[in-house]
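# Descriptive structure summary
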Amino acid sequence: MPTIVDRRSTRVSGGSKVADPIASEIESTPQKRKLRSSSSSTTEDSRITSDLTPSPLKSSPSKWKSPRRCVNDSPKSTLNANRGAKAVNLSKSPVKRRLSESFLEKPMWNPRDMEQLNGVKEALHVSRAPSNLVCREVENNRILEFCKQAVEQEKAGSLYICGCPGTGKSLSMEKVNKVLVNWAEESGFQAPDTLSLNCSSLSNTSDVFGKILDKITLRRKINTCTSPLQYLQKMFSEKQQSAVTKMLLIVADELDYLITKDRAVLHELFMLTTLPFSRFILIGIANAIDLADKFLPKLQSLNCKPAVVTFRAYSKDQIISILQQRLKAFPYTIFQPQALELCARKVASASGDMRKALWICRSAIEMLESDIRDSINSLDLPSLHGGVSDQQRDCACDKSLIHESNVVRVDHVAIALSKAYRSPVVDTIQSLPQHQQIILCSAVKLFRGKKKDATIGELNISYLDICKSTSIPPAGIMELSNMCRVLGDQGILKLGKAREEKLSRVTLKVDEADITFALQGIRFFRNCLQQS
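What this report covers is the structure whose coordinates are included nearby. Computed from a prediction, not measured in an experiment: that's the story for all the values here. (Residues numbered from 1 in each chain as written. Predicted model: local features only at pLDDT ≥ 70, side-chain atom pairs only at ≥ 80, totals over all residues. Heavy atoms only, no water.)

### Let's talk about the overall build of the protein
On a plain count of helices and strands, the protein comes out with 26 helices and 10 strands. For the protein, buried positions account for 40% of its 532 residues. At a minimum sequence separation of 6, the contacts of the protein that also span at least 24 residues come to 73%. Summed over its atoms, the accessible surface of the protein is roughly 30400 Å², and 51% of this surface lies on carbon and sulfur atoms. (Helix = DSSP H or I, 4+ residues; strand = E, 2+ residues; numbered from the N terminus. Buried < 20%, exposed > 50% of the residue type's maximum accessible area, 1.4 Å probe, protein only. Contact = heavy atoms within 4.5 Å. Areas by Shrake-Rupley, 256 points an atom, 1.4 Å probe, with all protein chains shown as cover.)

Here's what the structure looks like:
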C-alpha cells in the first residue's frame, strides 16, 4: 500500500525539509508573516521564509516591493511620511509653499503682549523703510548703472522714473543713493552731492532753480538782477575754474507738479543737463508713465530726451514676498497664509499699491486686537493690560479657540479690505437687512457661469436652499418679490414684468465681485459663496 505523503512538507535524505507550493502560499500570507516577524522564530524557519520570498528578477515590483515586506515602505513609516509631505509641498506654487512652511514652523505670537503688538505694527508701517528692498532688483540696477556712468565720465544726464503710486520709486532711489556713495568711495571716485526735492512743496514752480543754486553756490555772489535760471545757464555754458568741483545729483520727486501751461519750467530744468559744462545729474520721479512723451516733445526734438525706468505695479506674489520680508524678523506666526494671500490678491488686482497693502495688514491686526478685547470682556477676565494667567485662560475657554485667535485670520483681512476699498455699492449692500442680503447671495450663486438672469421662482428656490441650510425662517414668494423690487429701487437688481409674479425676470445691475466683497466679512455668507 503506498505511503501517504504529508502535503505540507516531506523529508529527504539529509533531513532537510522541502517546501510544498501550497504551504508556501499559506505561510506567506500577511498575517502569518506579521506573527512570525513579531515573535522569536528558529533559524530554519527564517531560512525557509527567506527562500519563499519571490526574487525581484522573477516577480513584478508590486509583489516584491509591497508595503508590508519593507518596513521603510510602510505608509506609517517616517520616510514615507516625509516623502508624502514633500510631494504635497512640490504640488504647490513657490509662494504658497513658503507661506505654509513659515506658518507651520514658527510658533504662535501673543497679541495680548503689548510689546509684541506694537513691534509688529511698527514693522508694517509705511514710514518704516525695510533693510532689504526686494522685488525691485532690475529697476535699481538700471538706475545705479546710469548714475555710475555719469560719475565715472563726469558727464551730466537725466533719467525719468515713472510708475503707479506705492510701487517703490522713492524708496528705491534712496537705496540707490546710499549704494552709489559707497561705490564711489571704494572705487576712488568723488561721490556727488545730493539734493532731494519734493516739487509738491514748492510755492512756485520756478523756485526749483533757486533750490539748485543754493546747493551749488552762495546767494550773495549772485547779481540781484539775474534770475537763478539765468545764472545756472551762464555757469554751465562757460568753463569754470573752481566754482564747481563736485557732481550734483538732483532727485526731483513729484515732478509732474512742475508742469505749467507752457511747460517752460520742465523744459528748462531738463535742458540744464545738456549744457556743455553742466555738472549735475537730474532724476525725476512721477506717476505719469507718458510724461516724457507727452510733456517733453521739445527735448525729443533736441535729442536730449531722458532715459526712462518704469516701475510696474506689484503682483500678488511680489506683495506676499514684501510682507514676508517685513515679518521675517519676528520668531512667530502673525498671519494665516490665506489671510496674506487674500490681501495680496485684492491689492494686486486693484492697484498694486504696496502702501495700501501695509495699511490693510495693520488694520487687520487692529481687528484682531478688537476681537481679543471683546472676548476678554465677554469672559469677564481682567483687561488686556492686566495679567491673565494661563490657568485662568484655560478654564475660561477652549485652548484651540485661544490658539486660533492668536493669528490674523481671513475674516480680519476681509473687514480691513472693505474699509480700504469702500464704495457706495459696498456700503449699500452691507447696510441691507439680512433677508435682502440672502437674496443677493442667492442671485450670485444662481448667476455663476453663463447665466445672467433668472425668474423669481428660480431665485426663490436658491433662496430657500440657503435659508434651510442655516435654519433661518424664509419669507414667502410674494414677500421675496417685494424685496426684489426694493433692491431694484436701490439700483442693485433689475426686475422685469410678467403676468405671473414668479415668472418675472431678475438681473443683477452691480458686479458680482462687489456683492462677494461686501458679504465676505460675514462667515455665514462667506461659506455660502464658497460652496459651488
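Having seen the model, we can carry on.
### Observations regarding unusual backbone geometry
In the Ramachandran plot, Glu154 falls in the positive-phi region, its phi being about 50° despite a non-glycine side chain. For Glu154, the location among the structural elements is in the loop between helix H8 (137-153) and strand E3 (157-163). Look at Glu254: it is not a glycine, yet its phi comes out positive at around 55°. Mapped onto the elements, Glu254 comes out in the loop between strand E5 (248-253) and helix H12 (264-271). Given a relative accessible area of 28%, Glu254 falls into the partly exposed group.

### Examining the pairing of strand E6 (residues 280-286)
Taking burial as the measure, the seven residues of E6 include seven buried ones, the bulk of the element. Taken together, the six bridges between E3 and E6 define a ladder with parallel strand orientation. Residue pairing in the sheet places Gly157 in a bridge with Ile281 of E6. In this structure, E5 lies alongside E6, joined through five bridges in parallel fashion. The residue bridging Val251 from the neighbouring strand is Ile283, located in E6. Crossover E5 to E6 through H12 is right-handed. (Pairing = 2+ DSSP bridges. Right-handed = clockwise from strand over helix to strand, strands pointing away.)

### Some words on the pairing of strand E10 (residues 505-508)
Side chains Val506 and Leu508 project from E10 onto a buried face, and the interleaved Arg505 and Thr507 project onto a face without burial. Both strand E8 (residues 453-455) and E10 contribute to a ladder of three bridges, which runs antiparallel. Paired with Asp453 across the bridge in E10 is Thr507. As judged from the three bridges shared by strand E9 (residues 493-495) and E10, these two strands associate in the antiparallel manner.

### Things to note about the packing of helix H23 (residues 456-469) against helix H24 (residues 477-489)
Running from amino to carboxyl end, H23 crosses H24 at an angle of 105°, the nearest separation of the two axes being 10 Å. By the angle between their axes, H23 is roughly perpendicular relative to H24. Contacts from Ile456, Leu459, Asn460 and Tyr463 of H23 reach H24 at Ile477, Leu480, Met483 and Cys484. Class assignment of the residues belonging to the contact of H23 with H24 gives a composition of seven nonpolar, one polar and no charged. (Axes fitted to C-alpha atoms, helices over the stretch in contact; angles between N-to-C directions. Parallel < 35°, antiparallel > 145°, perpendicular 65-115°, else oblique. Nonpolar A, V, L, I, M, F, W, Y, C, P; charged D, E, K, R; others polar.)

### Things to note about the sheet that holds E8
If you trace the three strands from one edge of the open sheet to the other, you get E8-E10-E9, paired in antiparallel fashion. This sheet does not close on itself; its edge strands, each paired only once, are E8 and E9. Within the sheet, the average angular offset between the axes of one strand and its neighbour, ignoring direction, is 25°. Packing of helix H22 (residues 434-446) onto the sheet brings it into contact with E8, E9 and E10, and relative to E10 it is tilted by some 90°. The sheet strands contacting H23 are E8, E9 and E10, and the helix crosses E8 at an angle near 90°.

### Thoughts on helix H26 (residues 523-530)
Along H26, the residues that are buried comprise Phe524, Phe525, Arg526, Cys528 and Leu529. Structurally, H26 contributes buried residues whose contacts are with helix H20 (410-420), H22, H23 and helix H25 (512-519).

### Observations regarding the sheet that holds E5
Spatial strand order, E4-E5-E6-E3-E7: five strands in an open sheet with parallel pairing. Because the sheet does not close on itself, it has two edges, and the strands there are strand E4 (193-198) and strand E7 (307-311). This sheet shows a mean twist of 15° between the axes of neighbouring strands, independent of strand direction.

### Section: the packing of H22 against H24
Between H22 and H24, the least distance of the axes is 10 Å, while the angle of their chain directions is 85°. Put simply, H22 runs roughly perpendicular to H24. For the pair H22 and H24, contact is made by His435, Gln436, Ile439 and Leu440 and by Leu480, Met483, Cys484, Val486 and Leu487, respectively.

### Re the environment of Asn406
Relative to the helices and strands, Asn406 resides in the loop between helix H19 (399-404) and H20. Through-space distance from the C-alpha of Asn406 to that of Pro111 is 6.2 Å; in sequence the pair is 295 residues apart. Leaving out residues up to four positions away in the same chain, Asn406 has contacts with Met108, Trp109, Pro111, Arg112 and Leu368. Here the side chain of Asn406 touches Arg112 through a polar contact of 2.9 Å, side chain to side chain. (Polar contact = N/O pair within 3.5 Å; in protein donor to acceptor, adjacent residues only side chain to side chain.)

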